[in-house]
Structure formats: structure tokens, C-alpha cells
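# Structural characterization, general
What follows is the residue order along each chain.
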Amino acid sequence: MSRIESLADYLRAEGRRKLDRVEVRDGGRNARSALALLDAAAYTRSLGDDDPLVAVLAEAGCFGPHGLDGFRPDRRIAGLIRSWESGEPGQLLAAIRFVLQGSLT
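Residues numbered from 1 in each chain as written. Predicted model: local features only at pLDDT ≥ 70, side-chain atom pairs only at ≥ 80, totals over all residues. Heavy atoms only, no water.

The subject of this paragraph is helix H3 (residues 52-59). Looking only at H3, the buried set comprises Leu53, Val54, Val56 and Leu57. Viewed along the axis of H3, the buried residues span an arc of 160 degrees, placing them on a single side of the element. The N-capping residue of H3, defined by a side-chain oxygen 3.0 Å from the backbone nitrogen of Leu53, is Asp51. Gly61 occupies a position one or two residues after H3 and carries a positive phi of about 85 degrees. (Buried < 20%, exposed > 50% of the residue type's maximum accessible area, 1.4 Å probe, protein only. Helix = DSSP H or I, 4+ residues; strand = E, 2+ residues; numbered from the N terminus. Arc of directions from axis to C-beta. Polar contact = N/O pair within 3.5 Å; in protein donor to acceptor, adjacent residues only side chain to side chain.)

As for its position among the elements, Thr44 is in helix H2 (residues 29-45). Here Ala40 takes part through its backbone oxygen, which lies 2.6 Å from a polar atom of the side chain of Thr44. Setting aside residues no more than four positions away along its own chain, Thr44 makes contact with Ile4, Leu7, Ala8, Leu11 and Leu93. (Contact = heavy atoms within 4.5 Å.)

Let's shift gears to the nonpolar core. Generally speaking, soluble globular proteins have nonpolar side chains that are buried together. In this structure, Leu11, Leu57, Phe71, Ile81, Leu92 and Ile96 are the most contacted members of the largest nonpolar core, which totals 26 residues. Every element with two or more residues in this core is listed here: helix H1 (3-20), H2, H3, helix H4 (75-83) and helix H5 (89-104). In terms of residue count, H5 provides more of this core than any other element does, 5 residues in total. Each residue touching Leu57, except ones within four places of it in the same chain, is listed here: Leu7, Cys62, Phe63, Phe71, Ile96 and Leu100. (Core = buried A, V, L, I, M, F, W, Y, C linked by side-chain atoms within 4.5 Å.)

In C-alpha cells form, the structure reads like this:
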């Protein structure tokens, strides 16, 4: 599985997890989040493994210590993804990149 596929699978799994969440009076938050994450997963699949985001994720260790594992975000990125409610897919990926680039400098 490529790195992009691994990232897309993670986003899709998080979106499906949101679909399964039932919270009283969430105001549709979980549904919005699920749609945004599923949309981001589909968008991510259209990217190539040469996308600059992949290099940032690998440098940050999101694909394991040698860059050969599946996508495993740190707690900051996992929290960002879990809290994502709406926005264009590119905005989520840009937010991930921004957080990671800030920590790499």
C-alpha cells in the first residue's frame, strides 16, 4: 500500500467512525465531520506519492521510523483530524502540513 493510500484509508476510517457516533444534540456535527473526512479521503487518493505533503508526513515520522509503515499520526495530527468538521479537503491537508512543518523547524 502506498503512503497516499495509507493516509486516505486513515481519513476514511475516521470518517466512518464519525458516522457511527451517536450524540444527543450534536447539531449534525458528526455528520458534517464524517462527510468532510470522507471527502478528504477521496481527494487524497487522487494525489501522487510525490506530493509534497507525503514528504512532510514521512519526515515527521507519520509512516514509522523508516517511512515504510502505514499512516500513524501523532496526537496533534490525530486530534486535528478527529476535530475536523468542515472545509475543503485541501484545507485539511494544508492544516496537517502547517502543524507538522511548524514542529520540524
